[in-house]
Amino acid sequence: MAELLTLAEAVSQHVRDGDVVALEGFTHLIPHAAGHELIRQRRRELTLVRMTPDIVYDQLIGMGCARKLVFSWGGNPGVGSLHRLRDAVEHGWPVPLELEEHSHAGMAAAYAAGAANLPFGVVRGYVGTDLPSHTRVRRVTCPFTGGELAAVAAHRPDVGIVHAQQADRSGNVQLWGIAGVQKETVLASARSIVTVEEIVDGLEPRPGAVVLPSWVVDAVCCVPGGARPSYAHGYYERDNEFYVAWDAISRDRDTFSEWMREHVLAEVHA
Amino acid sequence: MAELLTLAEAVSQHVRDGDVVALEGFTHLIPHAAGHELIRQRRRELTLVRMTPDIVYDQLIGMGCARKLVFSWGGNPGVGSLHRLRDAVEHGWPVPLELEEHSHAGMAAAYAAGAANLPFGVVRGYVGTDLPSHTRVRRVTCPFTGGELAAVAAHRPDVGIVHAQQADRSGNVQLWGIAGVQKETVLASARSIVTVEEIVDGLEPRPGAVVLPSWVVDAVCCVPGGARPSYAHGYYERDNEFYVAWDAISRDRDTFSEWMREHVLAEVHA
Amino acid sequence: MSSYTADEMMAVAAARRLRDGTVCFVGIGLPSVAANLARRTHAPGCVLVYESGTIGAKPQRLPLSIGDGELAETADAVVSVPEMFGYWLQGGRIDVGFLGAAQIDRFGNLNSTVIGDYDSPTVRLPGGGGAPEIATGVRDVFVLLRHARRAFVEQLDFLTSVGDRVRVVVTDLGVLEPRGGELTLTAVHPSSSVEEAREATGWDLRVADDVQVSDPPTTRELLALRALEVAA
Amino acid sequence: MSSYTADEMMAVAAARRLRDGTVCFVGIGLPSVAANLARRTHAPGCVLVYESGTIGAKPQRLPLSIGDGELAETADAVVSVPEMFGYWLQGGRIDVGFLGAAQIDRFGNLNSTVIGDYDSPTVRLPGGGGAPEIATGVRDVFVLLRHARRAFVEQLDFLTSVGDRVRVVVTDLGVLEPRGGELTLTAVHPSSSVEEAREATGWDLRVADDVQVSDPPTTRELLALRALEVAA
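Residues numbered from 1 in each chain as written. Chains lettered and ligands numbered in written order. Predicted model: local features only at pLDDT ≥ 70, side-chain atom pairs only at ≥ 80, totals over all residues. Heavy atoms only, no water.

Further remarks concern the overall build of chain A. Along chain A, the regular secondary structure elements total 8 helices and 13 strands. Reported as C-alpha extents along the three principal axes, the dimensions of chain A are approximately 55 × 45 × 30 Å. A total of 270 residues make up chain A; the buried ones form 67% of that total. For chain A, the proportion of contacts with a sequence separation of at least 24, taken over those separated by at least 6, is 74%. Here chain A has roughly 8900 Å² of accessible surface; of this, 48% comes from carbon and sulfur atoms. Taking the 24 positively charged and 33 negatively charged side chains of chain A as two groups, their mean positions are separated by 5 Å. (Helix = DSSP H or I, 4+ residues; strand = E, 2+ residues; numbered from the N terminus. Buried < 20%, exposed > 50% of the residue type's maximum accessible area, 1.4 Å probe, protein only. Contact = heavy atoms within 4.5 Å. Areas by Shrake-Rupley, 256 points an atom, 1.4 Å probe, with all protein chains shown as cover. Lys, Arg positive; Asp, Glu negative; His and termini not counted. Charge placed at Lys NZ, Arg CZ, Asp CG, Glu CD.)

On to the interface of chain A and chain D, then. Many structure descriptions define interface size as the accessible area lost when the parts assemble. Chain A puts 38 residues into the contact, and the matching count from chain D is 34 residues. Carbon and sulfur atoms supply 63% of the area buried between chain A and chain D, which totals about 3000 Å² over both sides. Taken as a group, H104(A), H134(A) and I178(A) account for 15% of the area that chain A buries against chain D, more than any other trio of residues on that side. Inspection of the region where chain A meets chain D yields 1 salt bridge. (Buried area = accessible area lost by both parts, 1.4 Å probe. Salt bridge = Lys/Arg side-chain N within 4 Å of Asp/Glu carboxyl O.)

All names here are of chain D. Ordered by their spatial adjacency, 10 strands build an open sheet running β4-β3-β2-β1-β5-β10-β11-β12-β13-β14, and the pairing between neighbours is mixed. At either margin of the open sheet sits one strand with a lone partner, and together these are β4 (77–78) and β14 (206–213). In this sheet, strand β12 (residues 174–179) lies alongside strand β11 (residues 166–170) in antiparallel orientation, the contact comprising 2 bridges. Each residue of the ladder has a partner; that of V170, found in β12, is V175. Seen against the sheet, helix α2 (residues 30–40) touches β1 (23–26), β2 (47–50), β5 (96–99) and β10 (140–144) and runs at an angle of roughly 155 degrees to β2. (Pairing = 2+ DSSP bridges. Axes fitted to C-alpha atoms, helices over the stretch in contact; angles between N-to-C directions.)

Our next topic: the pairing of strand β9 (residues 121–124) of chain D. Residue and element names in this part refer to chain D. Strand direction decides the pairing type here: strand β8 (residues 114–116) and β9, joined by 3 bridges, are antiparallel. Its bridge partner being in β9, V114 is matched across the sheet by R124. A loop of 4 residues connects β8 with β9, the two strands running antiparallel in sequence.

Residue and element names in this part refer to chain A. Running from amino to carboxyl end, helix α2 (residues 32–40) crosses helix α3 (residues 55–62) at an angle of 5 degrees, the nearest separation of the two axes being 9 Å. Looking at the two axes, α2 sits roughly parallel to α3. Between α2, through H32, G35, H36, L38 and I39, and α3, the contact on the second element is made entirely by I55, V56, Q59 and L60. Grouping the constituent residues of the contact of α2 with α3 by class yields 5 nonpolar, 4 polar and no charged. (Parallel < 35°, antiparallel > 145°, perpendicular 65-115°, else oblique. Nonpolar A, V, L, I, M, F, W, Y, C, P; charged D, E, K, R; others polar.)

Let us look at the pairing of β11(D). Residues and elements named next belong to chain D. Most of β11 is tucked away: 4 of the 5 residues are buried. Pairing analysis gives 4 bridges linking β10 to β11, with the strands arranged parallel. Its bridge partner lying in β11, V141 is registered against V166. Connecting β11 to the next strand, β12, in antiparallel fashion are 3 residues.

See the structure below:
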């Protein structure tokens, strides 16, 4: 059964230095507030997993929380590069960052395999590309057809963190709109934290909703606005201007560090 | 794009003797009317695929439409055996029936693999049981852990047939309630027929709905009551008394044949 | 209220073993009765998962099929069958799974496939369904099976589901639990006896030194059980 | 209305190649512009599939991200990302996929991973994302890419996506199509020339004997295009 905790408590209880942590959200419901709490609690040596690392991963990397990134597309959508990610990869600042790089299909299959308690997922793909020599992908032979396919090792993060619109008082979670790989992330992870926009008396069934029963979640934290500057369908829109502004903020190490001090480290979270 | 056809036209155009045909429905939305049309059009030598063959498969088998059954549980739920299935297996009446037997998990993984255009699905299972010596399951080794798992060959039926509550005039389909493996069945099959309770002007989004866009369906047929005696969530209830009555109807070859003549063969379908 | 049927005793004995909050994978028939009875008596937080894809179903009446519409209407979530078997059962999220069978051996292995030879069977049974994976996917398997020599056999005609995780077998005569790798009679129901259980077992049944007598169904249990059945 | 930008010419040239009813896998930026333009002009039945899981999205304005809320609101169906890549893309249900890249070679192979050495890169690019599977999962790949020597290279720094299914490359200067296994200039835009395209290509560019001049955007096309952009 999920415990209702503050975000600070949840991160303190469930995330340890050196953990493999997946904060997922595919363009929607990105758990920014939870990422900021990891930064404030100065977690180190994390292996960060995410299909589409964007601003909050740039922040975690720039603040030195990560030693490794497992990903398939790392950019500022519609804007350009992630400068902190690039600085870590190209110049080792503030610490070197190891990359394990996949395609989206490979990442999705790895999460799905993890959720299904399988050691690997199978995809058509990777063949003929330079990816296999730089990532954890192997060949598997179909025992019926003899055909060769790509196998990706299952993702089994220590901690999965997602943001949702609602939870009820028992800790059952509901999210809707673009659902990404959030269900798989929670189910594949040994522990899970869900931040939500609000706690409600009862979850009303909705078209396209994903429900995570309380008994597959460890901690639920009420963090209104916890996905900003990304969006929460039905609650608030994406702050597109901030995505554009991040390009300038993050380009320079000092500007970045100052911004983080002022906007993340100084913030006291309930 | 799906064509709006009569059921007779759809079966005539899309189902051939010798085809592999999956009429799916997991306790709900079982495409009885479509099965009856297969019987009326006297299809022969079919390989019938279904996780839970029940009354309509008993009828198809008893009427001599099938040469093989691929399945995981073949019974009259809550009542007992399928007498026509047993008669075909135990005594070869009216024609011998070859069995390819799986577990539910294996069948579900085989459909999912087919829908994903993979040649096989992977499951933990079958190990230590007598199933592997009587079915199409092989071993596959995880290239990361060295662990052994079971591989099932993908289901790729020639024709997938399901029943849904609604389609719109463009042939987009929506079903809700217990959704079973219907999406996978349609996506895994080379051709597909969907019978529906009604054609509506527009599909209203609903909690838990599965939508099949018109461009993945070949034929949509308006057949109100097409799932009876099973049920259509929101339309009609399961006819539990008929399931009980079927036991007596089907126990005897002559009683069965007479019932089919009167209730299925004589029926003229629009 | 003191009179009750053997089926009622079985359902009550099985229900008592479900702790509050247990996540149960449930089939139709006695397992569904037992799990719903537990929810209405000592384990209101027991979570019912039906293989049709309904998670957290809270039926008011006993469902007649695992795909009963009421299960979907009262569930916390309804998922597809591939997801149910992949993410939920194989995912290792289920505490207890109930199984029945036509035959069981002393190791808890089960046959629900065929009586006689596979290729020319005496009785073709419905088949394994979800049982093979329930047997290996849940933490604890509870078997519910009427005691008879043709069911409790020395040698299965077919091994459908492995017995490794069978923790208890509840019959109409008593309760068997694995002791030292073999199913052992650990309790008899009040209307039965060790001798009767031995007679109804096709192998030389081990009996625990401390064999108990099951408490008969309480009035509360019987009222709850009959209320469930009346509603259905 | 006769003046237009190079990007507008690219979007129009790409849009024209989409037939009505085509199912397109669309990314943000020019591909999304081209596909939405096609829907508003000659191909109203064009189906837009975004990798975020939205199938049959009908946005009124150009989405700023592939996860834009309007895509979900106007879609026929929203599916999970694993389902999108498994059942829909790998499932072989998509006719046309658009790709961009930092580098392309004469075989249509694409690099969107890294400039320079992988382990000590000059420029670390965002990476492949969905591109590797789009390149092998759709029937026809359309590449949209601005023409420049640093992009049209003799040798890729990294092969992210294979070029087997690339049917057309639309640039700001013209159109390339595979002829005899090699990308060949088959059209130049009105404001450009064969010479300019050759200059902007890092290999010795083949030019078709029957090289065409693209029709400039029509007034209808430009109006529709600008209406889309104004709405965004």
